[in-house]
Amino acid sequence: MDPRASLSILLILFGISQTSPVRKPDHHNGFSPIPGNVDITTKILESNNASSEHLIEGDMVFPKTKNALYCYSNNCFWKKNSSNLVEVPYIMSSEYSSTDISVIQNAMSTFHNKTCIRFVLRSSQTDYISIENKDGCYSYLGRIGGKQVVSLKRTGCVYRGIIQHELNHALGFYHEQNRSDRDKYVRINWEYIPTDKASNFQLQNTNNQNTTYDYGSIMHYGSTAFTNQTGKETIIPIPDATVKIGQRQDMSNIDILRINKLYGCAV
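The model shown is predicted, which means the values in this text are computed figures rather than measured ones.

Quick notes on the rules
Residues numbered from 1 in each chain as written. Predicted model: local features only at pLDDT ≥ 70, side-chain atom pairs only at ≥ 80, totals over all residues. Heavy atoms only, no water. Buried < 20%, exposed > 50% of the residue type's maximum accessible area, 1.4 Å probe, protein only. Helix = DSSP H or I, 4+ residues; strand = E, 2+ residues; numbered from the N terminus. Pairing = 2+ DSSP bridges. Salt bridge = Lys/Arg side-chain N within 4 Å of Asp/Glu carboxyl O.

Within strand E5 (residues 128–132), 5 of the 5 residues are buried, leaving the element largely enclosed by the surrounding structure. Burial along E5 is two-sided: the face carrying Tyr128, Ser130 and Glu132 and the face carrying Ile129 and Ile131 are both buried. Relative to E5, strand E3 (residues 86–92) runs parallel, the two being bridged by 3 bridges. The residue bridging Met92 from the neighbouring strand is Ile131, located in E5.

Shown next as structure tokens:
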């Protein structure tokens, strides 16, 4: 081949490589996958290990009033506006980078696209969530009134799945494996759960809304949650122990269905 022709081809290819760089996955794509083969619970519990808060089930803030943990009435749910949308006002710490903010807002977008929940920047609303870079990943359960913190520590919590998990708590949802009928679907291996952690597996009097147990819920613990022996499973699906639990990517279809049923969304 003519050397001049070869040089021309190389120059063309170099130009293409500069104008169309390969896109690398990172936080800017809004999905921010949790690195490594780590389930959502492991990542949350690692981040909460040194938290100063009194946490229930690993990432729910202990209520300031005796009955605040139980969502039996509409008092702990967020209200609809005149357009039949459920507005959840929020503010966000200035400690977050533009990339962090992009990831958080992208995680919120699934709620906006598939439910009637709308996370809106607070103007003067009395009840609102304050998303803060505190000492872990945690939230209160449902609307408690006034300012309530949703903690998303910059190092460890700003991932799509974890953000959606904590926002679901703020909407009033418990962990999946603590729902009232869980013993039909998973077996708890108490022998691998430290005595002081056993309360994290307490059954709750949940409103299951006639939906099936969801192994794929963003609200489900991973199989080794709170284990006292590395690699030993504390939660085993039944009857099929190979069913995957603790996914960390995005809300499941049943997660979305439950939000729409609980809040009466016309979706």
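This next bit is on the pattern of salt bridges. Tallied over the full model, the rule gives 8 salt bridges. Note that Lys147 is salt-bridged to Glu132, the shortest N-O span being 3.4 Å. With Lys147 in strand E7 (residues 147–152) and Glu132 in strand E5, this residue pair connects regions lying 15 residues apart in the sequence. Arg182 is the partner of Asp183 in a salt bridge, and the nearest nitrogen-oxygen pair spans 2.6 Å. Classification of Asp183 as partly exposed rests on a relative accessible area of 47%. One salt-bridge network, in which partners are shared between bridges, spans Glu176, Arg179, Asp181 and Arg258.

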